[in-house]
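Each chain, letter by letter, is given below.
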Amino acid sequence: MTWAVGNRYTRNMPDTIIIVGAGQAGLQVAESLRQEHFTGTIALIGAEPYAPYNRPPLSKKWLSEPMSVESLSIRGAEAIARRQIDLMPSNTVLAIDRSARSVRLQDGRQLPYDGLALTTGACLKVLPIPGAELRGVYGLRGIDDAQSIAAALEACADTHAPVVVIGGGFIGLEVAATARKRGLEVTVLEGLSRLMSRVVAPVVGETMARVHTAHGVRLVFDVKIVELEGHAGVVRAVRTSDGQRYPAGCVVVGVGVNPDDALARAAGLACERGVIVDACARTSDPHIVAAGDCCALRTADGSLRRLESVQNAVEQGKAAAAALLGRERPFTATPWFWSDQYDLKLQMVGLSHGYTQVVTRGDLNKPAFSAYYFRDTALIAVDSLSRIADHMNARKLLDRAIAVTPQQVADEHFELSSLLSPS
Ligand code: FAD
C-alpha cells in the first residue's frame, strides 16, 4: 500500500518531503512537520539566496532605516539546521514529474520525493505599458527589491527628485509613507476613486487619504497610466491618459501580485487564480500540498478565496504539514492582516466582501476608530485604525461567531469585551 496525503490509515509514511519555496509558508511547513514528529528528510528549496525572511518590514521600517538582512530572518540558518531541515537556498525548481515523484532543479539534479509542498508565493504584476522596463522603476516583493528602492529613495533625497508611487494599495501607501517620512516629494497615482478600495469601506479609505494628504503626499485618483517616460534608459516621468506628466526620480509600482502557480500548472495540477487547495491544503494530487500566496482555497460554498498574508501562509503551512502526514487539520481561523502607515496601525479581521452596513466606533478625526462590517445582522469583518483592543476583541468575536448588534458597536459605552466572557 502506498502512502497518500489525507489517508489516516496508511502504513507507509513518507521518508522524503520536498518543499518548493523557502518563504513564510515553506518554513512553516518544514517546522510543523518536525512538530508533528516527522523524522524523515525535509528539503526546503528556495530560489532566493537568503534564509526564510519576513517580508512585511520591507515596505515599512526596513525601507526607511535599512538594517541587516539577518534582522529580517524568520529563523536563522543555524536554527533551521538544528531542526534537521536541509535548507537549499539559491536553487530553483524547474519542473515536477508527478508520475516519477521527483523535482528537477536548475542545476540539473533530479530529487525524488514521497510528499511535496508547493509554497512558491507570488510574482509582481507588471504594468503593460511602454517604459515599464526602464531603470528606476521598481516593484517590491523581496529583499533585493527593497534594497534597490532604499537606494533610489536616497538618490531622490540627494537630488531633490520626486517619487511617484503607482497604486494606492497597502504596499504603495506604506512606501509613500516611508518616502514622505524621509522628506521626499511623493505622488500616489491611483486608478480607482479611493485608496485601498477593494478591501476597505469608504470611511477607512477616505480617512487614510486625509492622513496621507496631511503628511504632504499628493494623491491623484481615477488616473490611467499610459507610459513611463525615460531618458537614456532611466525613468523620468509618468504620463497619464488625461495628458498629465508627473516627473519622477524613481517610480514604485504597487499594483498587486499574481499567485506563482507556474510549476503546478505545468505539472497539470488543478489551478485557477492559484493552486487550488482544500481547507487542509491538499491539491488535486494526493502527494502534493500547497500553502501561502500561491494558493486559491476552494471554500465550502464552492467559490475560490485568495489571501496574501502572513497569517494565511502560517496557518495554511500548518495544515499542509499535517496533510502530508495523513492528518486533517483544516485552517478555519478568521483571516487577519495589518498595515503600518506613519504612526497609524491599520488592523483588519474577517472578510468584508458583500457587506450591507458599516458602523464606526471611536474618533474619526484623530483618527482612532474601528469600522464594523455587517452583512444583514451578522458581523463579518472589522477594520481598526490605531484601536488595538478593538481588533483583538473583534478577532475573538468573529472566531467564536458571537452575535453583536450594530447598536452595541455604535455605543462606545457598551463594552464589546463583555460579550466574550460568559457572565
Ligand atoms: P513568499 O514569502 O513570497 O515565499 C515564496 C518563496 O518561494 C520565494 O522566496 C520565492 O523565491 C520562492 N520560489 C518561487 N518559485 C520557486 C521555485 N520554482 N523554486 C524555488 N523557490 C521558488 N502580510 C501581512 O500579513 N501583513 C503585512 O503587513 C504585509 N506586508 C507585506 C509587505 C511586503 C513588501 C510584501 C511583499 C508582502 C507583505 N505581506 C504582508 C504579505 C506576506 O509577506 C505574504 O503573504 C507572505 O510572505 C506569503 O508567504 P509565502 O511563503 O506564500 O510566499
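Preceding this section is the structure that the text describes.
To keep things clear, this report deals only with the structure shown in the data block.

Ordered by their spatial adjacency, 3 strands build an open sheet running 13-14-15, and the pairing between neighbours is antiparallel. In the strand order of this sheet, the two ends are held by strand 13 (225-231) and strand 15 (245-247), each with one partner. If you compare each strand with its neighbour and ignore which way they point, the axes differ by 30° on average. When strand 13 meets strand 14 (residues 234-240), the two strands line up antiparallel, connected through 6 bridges. The residue bridging H231 from the neighbouring strand is V234, located in strand 14.

At their nearest, the axes of helix 1 (residues 24-35) and helix 8 (residues 310-324) sit 8 Å apart, and the two run at 40° to each other. Considered as vectors, helix 1 and helix 8 are oriented oblique to each other. Remark: the crossing between helix 1 and helix 8 carries right-handed chirality. Contacts between helix 1 and helix 8 pair Q24, A25, Q28, V29, S32 and L33 from the former with V310, A313, V314, G317, K318, A320, A321 and L324 from the latter. Grouping the amino acids of the contact of helix 1 with helix 8 by side-chain chemistry returns 9 nonpolar, 4 polar and 1 charged.

Our next topic: helix 9 (residues 388-399). Between its first and last C-alpha atoms helix 9 spans 17 Å; for 12 residues at 1.5 Å apiece the expected length is 16 Å, and the two agree. Of the positions making up helix 9, those classed as buried are D390, H391, N393, A394, L397 and L398. Considered in projection along helix 9, the buried side chains sweep an arc of 165° and stay on one side of the axis. Against strand 22 (336-341), strand 23 (344-350), strand 24 (357-363), strand 25 (368-375) and strand 26 (378-385) lie the buried residues of helix 9. A401 occupies a position one or two residues after helix 9 and carries a positive phi of about 50°.

Let us now look at the environment of A47. Along the chain, A47 falls in the loop between strand 2 (41-45) and helix 2 (61-64). With a relative accessible area of 53%, A47 lands in the exposed category. Placed 27 residues apart in sequence, A47 and V20 show a C-alpha to C-alpha distance of 8.7 Å. Aside from chain neighbours lying at most four places away, what touches A47 is S90, N91 and T92.

Peptide bonds are mostly trans, and most non-glycine residues show a negative phi. Between K366 and P367 the backbone carries a cis peptide bond, its omega angle lying at -10°. Take P367: it is sitting in the loop between strand 24 and strand 25. We note that M196 has phi near 45°; this positive angle belongs to a residue other than glycine. By the element assignment, M196 lies in the loop between strand 11 (186-189) and helix 6 (202-214). When its relative accessible area of 4% is taken as the criterion, M196 is described as buried. Of note, the phi angle at A281 is positive, near 70°, even though the residue is not glycine. Here A281 shows up in the loop between strand 18 (275-277) and strand 19 (288-290). Its relative accessible area of 0% is what places A281 among the buried residues.

Let us look at helix 1. The end-to-end C-alpha separation of helix 1 is 16 Å, in line with the 16 Å expected for 12 residues at 1.5 Å each. With respect to burial, helix 1 is a largely interior element, 11 of its 12 residues being buried. Within helix 1, the full set of buried residues consists of Q24, A25, G26, L27, Q28, V29, A30, E31, S32, L33 and R34. Those residues of helix 1 that are buried lie in contact with strand 1 (16-20), strand 2, helix 3 (77-82), strand 3 (85-88), strand 7 (115-118) and helix 8. One or two residues past the end of helix 1 sits H37, with phi positive at roughly 70°.

Scoring rules and cut-offs
- Residues numbered from 1 in each chain as written.
- Predicted model: local features only at pLDDT ≥ 70, side-chain atom pairs only at ≥ 80, totals over all residues.
- Heavy atoms only, no water.
- Pairing = 2+ DSSP bridges.
- Helix = DSSP H or I, 4+ residues; strand = E, 2+ residues; numbered from the N terminus.
- Axes fitted to C-alpha atoms, helices over the stretch in contact; angles between N-to-C directions.
- Parallel < 35°, antiparallel > 145°, perpendicular 65-115°, else oblique.
- Left-handed = near helix turned anticlockwise from the far one by under 90°.
- Contact = heavy atoms within 4.5 Å.
- Nonpolar A, V, L, I, M, F, W, Y, C, P; charged D, E, K, R; others polar.
- Expected span 1.5 Å × (residues − 1).
- Buried < 20%, exposed > 50% of the residue type's maximum accessible area, 1.4 Å probe, protein only.
- Arc of directions from axis to C-beta.

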